[in-house]
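Structural overview for review
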Amino acid sequence: MLDSHADISAPHPPHLLKTFYPLLSYYGDFQRLDNRTSLVNDMCDWVDANPVPWEGVALDRNKIVASTSSIIDIFRQLYEARMQHDGANIWCCKSTFNINYVADMESAIRPFYIYLYRDGRDVATSFKKAIVGPKHVYHLAQKWADEQKAVRDFLVGVSPERYMVLAYEDLLIKPETCIQQICDKLGITYDPKMLQFYISNESRRTADSGEMWKNVLNPVMKDNTGKYLKELSETEIALFESVAGVALKELGYSKVSGKSVAYESDIPSFEIQNQQLQEAARSNASDQDKEKRAGQKLLLKQIKSRLGIVEQQPNLA
């Protein structure tokens, strides 16, 4: 929706910060030109290998190397390059992992934040079927609850004019009102074309790049809520609510299970099951999904090998 506004560039996120922050220390002293060049080149290559391509975007690597002072600055310049290509005035990164890097973003960029939250049980239902992310309900519940707490704790210290809180369910019911509110906060004029996002080239490219994004070719799906009631078992719902009950309550979602699960002693077995489920998800993914992700998978392997990073193999015993 945001990308469909002429003033906003909101491409599919390559998850730059999530990918490169854990590797940052291996690049060495950022003041050295060779180390800085290496990181810039790797991050540009990562964008070029994104499953949803940033078509036609010219990344001036030498300019970035010469003017950058941090990984956040590289991140900013890459999105600005996409923004300039799109002829927009605002750029938007949709990576939910950015909650882990807000301290550095605050000091370097001071962005406007959109906190879009959804019933965690529906989030779990969706991610159980995706090629990425945790697969066991315990891990999905823990991750979702931790992220909601991190966002809410962070926003306490942010001026209200610099963020927007939006429930996914409200967006489905009254999309025009919600999007108008975002536009008002950003100081731009609402464009009805934003609700026709599903006919845009960006939506087509996104849908062509993987099964998990196929719904972006559809208009707003007003009934896309409460799916967990049919797709999660009673045991899974009870476990999710036991793990993430506080976060559900704080966001206004009611529990549907009357059971409280004592799960602590089962966590080691959940870990093994989650690893097995993740491996099965990767193995069972469509050829298209595997092909679209192969470029970044190979690139990350090459980067880690060059940096001397030894991969830890999961223990499924």
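Residue positions within a chain follow its written sequence, with the count starting from 1. Residues qualify for local features only when their pLDDT is at least 70, as the model is predicted, and side-chain atom pairs are given and counted only at 80 or more; totals for whole chains, interfaces and linings, by contrast, use all residues. Values reported for side chains reflect all heavy atoms of the structure, with hydrogen atoms and water molecules removed beforehand.

Membership of the largest hydrophobic core comes to 63 residues, with the highest contact counts inside it found for Leu 16, Phe 20, Leu 78 and Trp 144. Top element by residues in this core is helix H7 (residues 137-155). It accounts for 9 residues. Two residues form a contact once any of their heavy atoms are found within 4.5 Å. Setting aside residues up to four positions removed in sequence, Trp 144 forms contacts with Arg 118, Asp 119, Gly 120, Val 123, Phe 240, Ala 244, Ala 247, Leu 248 and Leu 251. Only buried residues count toward a nonpolar core, which is a set of Ala, Val, Leu, Ile, Met, Phe, Trp, Tyr and Cys residues joined through side-chain atoms within 4.5 Å. Each residue is placed in one exposure class: buried if its accessible area under a 1.4 Å probe, protein chains only, is under 20% of its type's maximum, exposed if it is over 50%, and partly exposed if it falls in between. In this structure, Leu 2, Cys 178, Ile 182 and Ile 188 belong to the second largest nonpolar core, which totals 14 residues. Strands here mean DSSP runs of E at least two residues long; helices mean DSSP runs of H or I at least four residues long; both are numbered from the N terminus.

Now for the packing of H7 against helix H12 (residues 234-250). Each axis is a line fitted through C-alpha atoms, and for a helix only the stretch in contact is used; angles between axes span 0 to 180 degrees, taken between their N-to-C directions. Running from N to C, H7 and H12 cross one another at 5°; their axes reach a closest spacing of 9 Å. One finds that H7 runs roughly parallel with respect to H12. Residues Val 137, Tyr 138, Leu 140, Ala 141, Gln 142, Trp 144, Ala 145, Gln 148 and Arg 152 of H7 form the contact with H12, whose own contacting residues are Glu 236, Leu 239, Phe 240, Val 243, Ala 244, Ala 247, Leu 248 and Glu 250. Throughout, the ten residues Ala, Val, Leu, Ile, Met, Phe, Trp, Tyr, Cys and Pro are labelled nonpolar, Asp, Glu, Lys and Arg are labelled charged, and all others, Gly among them, are labelled polar. When the residues that make up the contact of H7 with H12 are grouped by side-chain class, the tally is 12 nonpolar, 2 polar and 3 charged. Oblique is the label for any angle not covered by the other classes, which are roughly parallel (under 35 degrees), roughly antiparallel (over 145) and roughly perpendicular (65 to 115).

Aromatic pairs are defined between Phe, Tyr and Trp rings, using the six-membered ring for Trp, whenever the two ring centres lie within 6.5 Å; interplanar angles under 30 degrees are classed as stacked, those over 60 as edge-to-face, and all others as tilted. Throughout the structure, instances matching the rule amount to 12 aromatic pairs. Centre to centre, the rings of Tyr 115 and Tyr 117 are 5.4 Å apart; their planes meet at 50°, and the pair counts as tilted. Residue Tyr 115 shares its accessibility class with Tyr 117, and that shared class is buried. On the basis of an interplanar angle of 50° and a centroid distance of 5.6 Å, the ring pair of Tyr 138 and Tyr 263 is categorised as tilted. One end of the pair, Tyr 138, is in helix H7; the other, Tyr 263, is in the loop between H12 and helix H13 (267-284), and 125 residues separate them in sequence. Judged by its relative accessible area of 9%, Tyr 138 falls in the buried class.

Inspection of the secondary structure assignment puts Arg 306 in helix H14 (residues 287-307). Remark: the alpha-carbon pair of Arg 306 and Met 83, spanning 223 residues in sequence, is separated by 31 Å. When residues no more than four places from it in sequence are discounted, the contact partners of Arg 306 are Tyr 27, Ser 38 and Asp 42. For Arg 306, the side chain forms a polar contact with the side chain of Ser 38, separated by 2.9 Å. Two N or O atoms form a polar contact when they lie within 3.5 Å of each other; inside protein one atom must be a possible hydrogen donor and the other a possible acceptor, and for residues adjacent in sequence the pair counts only when both atoms belong to side chains.

Any link to function would need more than the numbers given here.
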